[in-house]
Each structure stands twice: as structure tokens, then as C-alpha cells.
Amino acid sequence: MRYYRRKRYENGRAKKVFFRILFVLAAAIIITVAASFAGNRVKKMVEEAQREIDSAETTDAASAKKDSHYTTPLLSAPISVRALGIDPFGDEDAAGQMSDMKDSFDTVSVNLRNDGTLIYLSPAVMEFLGLPTTDITSDGTSSAYERLRSFCTAVKKENLRLSAVLEPTHGDGDSFFPDCDKELVKELTELGFDEVIFTGFDALTDEAADYILSLCDNVIRVGAVFPYEVYMDGRNEKPLRLLSASGVILCADPGADVRERAAETVKEQCTEIRNAAGLYHLRFFLATEDEAILSEQYKALCASDIENIQIAPAVSPDVLTGAALAETQIPETEAKEETTSPVNPYITTTVETTEEGEVIPEEDEIFRGDGSWY
């Protein structure tokens, strides 16, 4: 009996030890599996976070690279210009014109297209189209391209900025041809231009916005001129914000009114467009060829404290300030001559005599100038 009791005791003890060992092994396996699962989860989270960091760094680097291409600051620190048009191929002395404008203007505006055609033979465009180019004309004189290069060099020596004014190149039908204009913008950059302003947009369409944005990858800033009404239409707020955020120089064309209403119209537009002008840092773009209207518009903008102005036509600064009209006014010296000899309204024609009949001479009466006599 004692034998069986001892045997049952030993068997029960062995079972307890076995179950304890089994429990420890099972716990160890569970802990190992859980730790492995948790480790993989943490590793995956770390990898995802690292990918996000790398993506952000890549985006920032690309953005910084793009921003570094601009020669003027983005709209986070916008600039205001006073640009005046000069014809690089005109008969006038360009150096003399630049010297005259430096007191009131800081930028030279150059219109590079006439009726949709470039005013010079662009090597970049010709190469893009697969056509032969030459730097020398048939008679041996410098080409228009070389004359433009010399003009740009002279402008830079005067410490003035350069703004090119262009119409978009069109491909088949009315569609835009941005690939060609990209090459043209790169060429203008090499010539020394600080910005390229594109005109000819009657409205802000999706195609126009895409075209402008496609040119923002170049090394200088681009701008676009839209009619004044575009900035008054609330439907254009989203594309305007997109263009502005991309560094596009947004310009407003007030149009050409009759001379009698030119100043009044511009002042009304400045009041109505004030919010948009501050939001997008608008530049007023004057393009009318009528010098009288141009002068009225410019003076109205100055009177409205508008500082960001570009005058596209090639005109003399005197025309804008009204100095050219001074000859039609009465000179100040002549006006004074008319008032230097006023008539004394109180003088009488009575002649006084003495008892002997001699005439008593009258005392000279002098006009004070303040309205009284003595």
C-alpha cells in the first residue's frame, strides 16, 4: 500500500512540473510572437514616417530649385515697378531716353511683337522649328538680334530692369504653343530680361491659365495681362489665386477710353479693383497708342497712389507728365504783366487850384498789392 501511495505522489508531482514547463514555453512563444508582431508594426510605421519626411524634403528641394530660378522675388515679397516703353530699333537715341527716364522709372519695357510677329529673328525659335539661322544679314550689317543684345547690355549698364512684352505663340487654330514660347523665354533670359509679360488674353480661360503655368518652370518670372473686368468677376477667383501663388505677375489693362473720360475711368477702376490689387499685387498695364489718353491714365494712376505701373508703348516721359502740353498754357510772366498796372477805382478827374489859379499837382498813388491804395 505504501508503494502505491508513493507512486501516485510522484506521478502527481511530475504532472505539475510538466504543466508548469508547458505553461512557461507557451507564454514564451506568445510573448515572442507578440513582440515580433509589435516590432514589425513599429518598423512599418517608422518606414512610412521616413518616406513622408523624404517626400517632403524632395518637394522642398524642388520648390527651392524652382524659386532660385527667378531673378525677382516671389509674391511673398512682391515688387512694384515703374516701367516705360522704349523701341530698341527706333530712330530715337535709346541712351538719351534711358537717361531721361531714370528719375521717374526703373524698368524698360520692350514690345517684341508687332501684329503677332517677332520684331527680330530669334535663333531659339528658328532652331526649335528646325529652320536655319544667321547672325549676319545679307548686306553685312548686324542682325536685329545682335542689335537687341546690344540694347539690353546698354540698359543693364544704366542699372535698369528689362521687361519683355509678348503675345503668345499660337499653333494650329487658336490653340497656344507653349513649347515654342519656353525656348523664346530662355533666350530672353540670356539676353538679360528680368521678366516676360504676355498680352492678348481677352478672358481668363482654363487654356490660358494652363498655358501661363506651363511657362513658370523657366528661369525668370512671367506675367499675364487681362482686361480689368477679369478681376471684377468672382468666378475667376480660384484661377487667379493659383496664378498668383505660382509667382505669375498679374496685370490689369484699364482699356482705352476717350480722352475726356480717361482719368475719371481709371480712378473709378482703381477704387473698384482695390481689393484685388492688394490681394494679387496687380500691375496696371497701359497699352493704348493714343498719347493724350496715355498721359491722362498715367496721371490718374499717380493721383490714386498706384505704384505698380507698366507703360508698354514707346513714349517720351515728357508726354506722360504733361510737359509737352505746357506750350499751350499762358506763361506765368505774361499773366503777371496783365496785373501789374491796375486802375485805381477811387481816382477822380477833379483838378484842384490855388487862390492864384495855379494847378495843384496830384500826388502819385501807389497800389499796395493787397487790395488797398496809398
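Bear in mind that the values here come from a model prediction, so they are computed numbers and not experimental data.

The rules behind these values
- Residues numbered from 1 in each chain as written.
- Predicted model: local features only at pLDDT ≥ 70, side-chain atom pairs only at ≥ 80, totals over all residues.
- Heavy atoms only, no water.
- Helix = DSSP H or I, 4+ residues; strand = E, 2+ residues; numbered from the N terminus.
- Buried < 20%, exposed > 50% of the residue type's maximum accessible area, 1.4 Å probe, protein only.
- Contact = heavy atoms within 4.5 Å.
- Areas by Shrake-Rupley, 256 points an atom, 1.4 Å probe, with all protein chains shown as cover.
- Core = buried A, V, L, I, M, F, W, Y, C linked by side-chain atoms within 4.5 Å.
- Pairing = 2+ DSSP bridges.
- Patch = residues over 30% accessible without salt bridge, like charges linked within 9 Å, V, L, I, M, F, W, Y side chains within 5 Å.
- Salt bridge = Lys/Arg side-chain N within 4 Å of Asp/Glu carboxyl O.
- Axes fitted to C-alpha atoms, helices over the stretch in contact; angles between N-to-C directions.
- Expected span 1.5 Å × (residues − 1).
- Arc of directions from axis to C-beta.
- pLDDT = per-residue confidence, 0-100.
- Phe/Tyr/Trp six-rings, centres within 6.5 Å; stacked < 30°, edge-to-face > 60°.

> Would you mind showing me how to read the overall build of the protein chain here?
Helix and strand counts for the protein chain come out as 12 helices and 10 strands. Within the protein chain, buried positions represent 34% of all 374 residues. For the protein chain, restricting intrachain contacts to residue pairs at least 6 apart in sequence, the fraction spanning at least 24 positions comes to 74%. Looking at the protein chain as shown, the accessible area adds up to about 23700 Å², and 52% of this sits on carbon and sulfur atoms.

> Honestly, the nonpolar core in this entry has me stumped. Any pointers?
Nonpolar side chains in soluble globular proteins generally cluster together in the buried interior. Counting residues in each nonpolar core, the largest one holds 69 residues, and the members touching the most others are Val108, Leu112, Leu188, Phe226, Tyr231 and Ile311. Not counting the four nearest positions on each side in its chain, Leu188 is found in contact with Leu112, Tyr120, Ala164, Leu166, Phe193 and Val196. Of all hydrophobic cores here, the second largest spans seven residues; its members include Val165, Ile197, Val225 and Phe285.

> So what exactly am I meant to see when it comes to the pairing of strand E6 (residues 195-198) here?
Strand residues, when the strand is regular, have side chains that alternate between the two faces of the sheet. Because side chains alternate across E6, one face comprises the buried residues Glu195 and Ile197, and the other comprises Val196 and Phe198, equally buried. Inspection of the sheet shows strand E5 (residues 161-166) paired to E6 by four bridges, in the parallel sense. The residue of E6 that forms the bridge with Val165 is Ile197. Alignment of E6 against strand E7 (residues 221-227), held across four bridges, turns out to be parallel. Across the sheet, residue Glu195 finds its bridge partner in E7, namely Arg221.

> What exactly am I supposed to notice about the environment of Glu158 here?
Structurally, Glu158 is set in the loop between helix H4 (144-157) and E5. By relative accessible area, which is 25% here, Glu158 ends up partly exposed. For the pair formed by Glu158 and Lys102, sequence separation is 56 residues and the distance between their alpha carbons is 8.4 Å. The residues contacting Glu158, other than those within four sequence positions of it, are Met98 and Lys102.

> Would you explain a nonpolar patch on the surface in this entry?
A cluster of nonpolar side chains, contributed by Val17, Ile21 and Leu25, occupies part of the molecular surface with about 260 Å² of accessible area. Among the secondary structure elements, Leu25 is positioned in helix H1 (residues 2-68). Judged by its relative accessible area of 49%, Leu25 is partly exposed.

> What's the story with unusual backbone geometry in this structure? I'm lost.
Outside of glycine, negative phi angles account for most residues, and trans bonds account for most peptide bonds. Positive phi values are uncommon outside glycine, yet Asn159 reaches one of about 60°. Owing to a relative accessible area of 71%, Asn159 belongs among the exposed residues under this scheme. Backbone geometry at His281 places phi at a positive 50°, although glycine is not the residue there. With respect to the helices and strands, the residue His281 is situated in the loop between helix H9 (274-280) and strand E9 (283-286).

> Whenever I open this one, the sheet that holds strand E2 (residues 107-111) confuses me. Can you help?
Across a sheet, strands are paired by hydrogen bonds formed along the backbone, either parallel or antiparallel in direction. If you trace the eight strands once around the closed barrel, you get E1-E2-E5-E6-E7-E8-E9-E10, paired in parallel fashion. Shown here is a sheet whose adjacent strand axes are inclined to one another by a mean of 25°, direction ignored. When E2 meets E5, the two strands line up parallel, connected through five bridges. Residue Ser109 lies in a different strand from E5, and its bridge partner there is Ser163.

> Explain helix H5 (residues 178-191) here, please?
Along an α-helix, residues three or four apart share an orientation, since each turn contains 3.6 residues. Taking 1.5 Å per residue as the helical rise, H5 with its 14 residues ought to reach 20 Å, and the 20 Å between its terminal C-alpha atoms agrees with that figure. Residues of H5 that are buried include every one of Cys180, Asp181, Leu184, Val185, Glu187, Leu188 and Leu191, and no others. The arc that holds every buried residue of H5, seen down its axis, measures 160°, which confines them to one face. Downstream of H5 by a residue or two, Gly192 has a phi angle that is positive, lying close to 115°.

> Any chance you could explain the pattern of salt bridges here in plain terms?
Proximity of charged atoms lets side chains of opposite charge pair with each other. Counted according to the given criterion, the structure contains seven salt bridges. When the shortest N-O distance is used, the salt bridge between Lys156 and Asp194 registers 2.6 Å. Within this pair, whereas Lys156 is found in helix H4, its partner Asp194 is found in the loop between H5 and E6, the two being separated by 38 residues in sequence. Under the relative-accessibility criterion, Lys156 is labelled partly exposed at 32%. In this structure, the salt-bridge partner of Arg241 is Glu237, at a minimum N-O distance of 3.1 Å. Of this pair, Arg241 and Glu237 both sit in helix H7 (residues 237-245), four residues apart, which is roughly one turn of the helix. Taking the relative accessible area as the measure of exposure, Glu237 reaches 38% and is therefore partly exposed. The network of salt bridges with shared partners includes Arg161, Glu195 and Arg283.

> Just to check I follow, could you spell out the confidence of the model for the protein chain for this structure?
Interpretation of this model should avoid reading the predicted coordinates in detail wherever pLDDT is low. When the pLDDT values of the protein chain are averaged, the result is 76; 71% of them are 70 or greater. The low-confidence segment residues 323-350 (pLDDT under 50) makes 14 contacts with residues lying over four places distant or belonging to another chain. Low pLDDT (under 50) marks residues 364-374, which in the prediction has 17 contacts with non-local residues, meaning those over four places away or in another chain.

> Quick question: what am I supposed to make of the packing of aromatic side chains here?
The description of two aromatic rings rests on the distance between their centres and on the angle between their planes. Overall, the coordinates contain eight aromatic pairs when judged by the stated rule. On the numbers, 4.7 Å between centres and 25° between planes, the contact of Phe176 with Tyr211 is stacked. Here Phe176 is found in the loop between E5 and H5, whereas its partner Tyr211 is found in helix H6 (residues 206-214), with 35 residues between them in sequence. According to the relative accessible area criterion, Tyr211 is buried, its value standing at 2%. Ring geometry for Phe201 against Phe226: centres 5.4 Å apart, planes inclined by 35°, an arrangement best described as tilted. With a gap of 25 residues between them, Phe201 in the loop between E6 and H6 and Phe226 in strand E7 connect regions that are remote in the sequence. Considered together, Phe201 and Phe226 belong to a single accessibility category, that of buried residues. Taken together through their ring pairs, the aromatic side chains of Phe176, Phe198, Phe201, Tyr211 and Phe226 make up a single cluster.

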